[in-house]
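Chain by chain, the residues:
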Amino acid sequence: MAEGGSVPNDGTEFEAKITPIVFISCIMVATGGLMFGYDVGVSGGVTAMPDFLKKFFPVVYKRIQEKGVDSNYCKYNNEGVQLFTSSLYTSALLATFLASYTTRKFGRTRSMLIAGILFQIGVVFNATAINLSMLIFGRLALGCGVGFANQAVPLFLSEIAPTRVRGALNILFQLNVTIGIFSANMVNFGTAKIKGGWGWRLSLGLAGIPAILLTIGSLMVFDTPISLIERGKHEEGKRVLRKIHGTDDVELEFKELLEASLVAKEVRDPFRNLIMKKNRPQLVVAVALQIFQQFTGINAIMFYAPIIFESLGFGGNASLYSASITGAVNVLSTLIAIKVVDKEGRINLLLKAGGQMFFAQVIIGLVLGIKLKDNSNNLGIVFSILVVIMICTFVSSFAWSWGPLGWLIPSETFPLATRSAGQSVTVCINMLFTFIIGQLFLSMLCTMKFGIFLFFSVWVVVMFFFTVFFIPETKNVPLEEMTERVWKKHRIWKRYMVDEDVKEMEEDMLDGSDMLDDTESGSNKIVT
């Protein structure tokens, strides 16, 4: 079985060019990442705006105004602020299950259309909010949009891309996430200076731009061939195959995809099928990647960056410099991932990044523990520069490894029969642990202080060894050959690659054979 310019079982390579229509479609669809990234970036900046805090979180506003009262680690420790940030992930978690059904039954582009509409609804409520209830409802609507987008976009990108550049095109999603975060940080810096107390409304309202782009993109692009064929639109699927490959010679690949869709249709309950023994390796790896992605400590680094920059003497411009430097590093490093992921492979990038992230976090934790006191922002110029370098090292490592690969690997490892359900679980776990970290992080920072960086560094060590032993290399492997060429050859996971239906048939045949032996034995006894 093969897809997107891959190699079928007989060794014949399907003809597939990197056509302009594929590239343009991937760019348009990847704006789902821009939508997600902007929302992630804008919430942190808005909650730091005095006018926003004064209106919705007066307790925090009062605490911030009383300078010198609270520890650096505890300034923003408030359950309401944490709820505002994390409520999005709660609704995204729940929406992803409905998104799984929609993505499978109605196609990838239809789910993206729903995502864009839901996100625009959330933007309207947030930008016009007059009370906390409207604000939270808007965040919940945004979360539903994120759930649908994160379900459909990675699948679309993996299924439409030729095998040899699948990693690069899939990472366009993560690249747009980083661009969205960077853009939101720049917008927040500008709107925070607007007089009249409405700057935060503009920041939240501008989130509608990427939502509109995704909506338009979902209406303009075609669905993936495998999705069309899976839904019985065979001729349309064949037509799209010709377009994306730039050739009329698609009969063999069409037959391969048709066979895959017939097998997938036999699975009545994809979620139940997902927990079968033969699908557990993909499920375990996908779930672990989402948990580990959140436990890299990226939130700790991004949150604490402004105080570090402030200690360098940037004063009121600390947030701008922090957002500019870390945001730029984030975007540029993701571009590096696009360039090297299909050459170096997934495992190599994860292991290299693990070592760099561990080193950076330990250095940051030790410096803050020794030099930064509760009510003092003075690290000294030398240690401040060291910490800034370590922050950039960490952000860069995450951006070309665990950030994009946490989405790429799950989207390309599940077989068609469980692909939509598997992506749904992937998004669900990601949103769940993003919610957990978002809801607990400020309290953890207040309690653990500099130790939080050492806490996350321990997790990075765990992630390193998990990668060595359990994550398979998927570079240049066609989607529909993952089971045969990856999972069945993995030193640990190959023991799970047993077709349970075949196993049951063999057991039935064995039982029938035993019954036949008993019958023959009984007949012999009667004759005797």
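The structure under discussion appears in the preceding block.
Basis of the calculations
- Residues numbered from 1 in each chain as written.
- Predicted model: local features only at pLDDT ≥ 70, side-chain atom pairs only at ≥ 80, totals over all residues.
- Heavy atoms only, no water.
- Helix = DSSP H or I, 4+ residues; strand = E, 2+ residues; numbered from the N terminus.
- Expected span 1.5 Å × (residues − 1).
- Buried < 20%, exposed > 50% of the residue type's maximum accessible area, 1.4 Å probe, protein only.
- Contact = heavy atoms within 4.5 Å.
- Salt bridge = Lys/Arg side-chain N within 4 Å of Asp/Glu carboxyl O.
- Axes fitted to C-alpha atoms, helices over the stretch in contact; angles between N-to-C directions.
- Parallel < 35°, antiparallel > 145°, perpendicular 65-115°, else oblique.
- Left-handed = near helix turned anticlockwise from the far one by under 90°.
- Nonpolar A, V, L, I, M, F, W, Y, C, P; charged D, E, K, R; others polar.
- Core = buried A, V, L, I, M, F, W, Y, C linked by side-chain atoms within 4.5 Å.

Trainee: I tried to follow helix α6 (residues 108-127) on my own but got confused; where do I start?
Mentor: In an α-helix, one turn spans 3.6 residues; hence positions three or four apart end up facing the same way. The end-to-end C-alpha distance of α6 is 29 Å, a good match for the 28 Å that 20 residues give at a rise of 1.5 Å each. All of the buried residues along α6 are R108, T109, S111, M112, L113, A115, G116, F119, G122, V123, N126 and A127.

Trainee: Explanation requested: the side chain of T31 in the structure shown.
Mentor: Relative to the assigned elements, T31 resides in helix α2 (residues 31-46). Using a relative accessible area of 10% as the deciding quantity, one classes T31 as buried. Those residues within four positions of T31 in sequence are excluded, and the remaining contacts are N176, P210, L213 and L214.

Trainee: I'm lost on the environment of F383 in this one. Help?
Mentor: Here F383 lies in helix α20 (residues 381-399). Taking the relative accessible area as the measure of exposure, F383 reaches 33% and is therefore partly exposed. The spacing of F383 and K371 is 12 residues in sequence and 8.3 Å in space, taken between C-alpha atoms. For F383, the residues in contact, after removing those within four places along its chain, are V367 and K371.

Trainee: Would you mind going over unusual backbone geometry with me for this structure?
Mentor: The bulk of non-glycine residues show a negative phi, and the bulk of peptide bonds are trans. Unusually for a residue other than glycine, K449 sits at a positive phi of about 55°. Its place among the elements puts K449 in the loop between α22 (416-448) and α23 (451-470). At N476, a residue that is not glycine, the phi angle is positive and equals roughly 60°. Mapping N476 onto the fold places it in the loop between α23 and α24 (482-485). For N476, a relative accessible area of 35% translates into the label partly exposed.

Trainee: Which parts of the structure should I look at to understand the pattern of salt bridges?
Mentor: Note on pairing: side chains with opposite charge can pair once their charged atoms come close. Within this structure, the stated rule accounts for 14 salt bridges. The salt bridge involving D223 is made with R231; its shortest N-O contact spans 2.8 Å. For D223, a relative accessible area of 6% translates into the label buried.

Trainee: Can you walk me through the packing of helix α16 (residues 280-294) against α23 in this structure?
Mentor: Between two packed helices, both the angle of their axes relative to each other and the distance between the axes serve to describe the pair. With their axes 10 Å apart at the nearest point, α16 and α23 run at an angle of 155° to one another. Relative to α23, α16 is oriented roughly antiparallel. The way α16 lies across α23 gives a crossing that is left-handed. Residues V284, V285, A288, F292 and Q294 of α16 form the contact with α23, whose own contacting residues are F456, W459, V462, M463, F466 and F470. Each residue belonging to the contact of α16 with α23 can be placed in one class, and the counts come to 10 nonpolar, one polar and no charged.

Trainee: I keep staring at the nonpolar core and nothing clicks. Help me out?
Mentor: It is characteristic of soluble globular proteins that their nonpolar side chains tend to be buried jointly. Counting 133 residues, the largest nonpolar core has F52, W402 and I471 as the members making the most contacts within it. A total of 13 residues in this core trace back to one element, the largest contributor, which is α22. Leaving out residues up to four positions away in the same chain, W402 has contacts with L289, F292, Q293, T296, L350, A353, M357, S397, M463, T467 and I471.

Trainee: Just checking my understanding: could you explain the packing of helix α19 (residues 346-371) against α23 for this structure?
Mentor: Where α19 meets α23, the closest approach of the two axes is 8 Å, and the angle between their N-to-C directions is 165°. Taken together, the axes of α19 and α23 are roughly antiparallel relative to one another. Relative to α23, the crossing made by α19 is left-handed. Residues I347, L350, L351, G354, M357, F358, Q361, V362, I364, G365 and L368 of α19 touch α23, and the partners they reach there are F453, L454, F456, S457, V460, V461, M463, F464, T467 and V468. Here the residues of the contact of α19 with α23 sort into 16 nonpolar, five polar and no charged.

Trainee: Any chance you could explain the environment of A168 here in plain terms?
Mentor: Looking at the element boundaries, A168 is found in helix α8 (residues 166-170). Placed 166 residues apart in sequence, A168 and T334 show a C-alpha to C-alpha distance of 10.0 Å. Not counting chain neighbours up to four residues away, the residues in contact with A168 comprise I338, V341 and D342.

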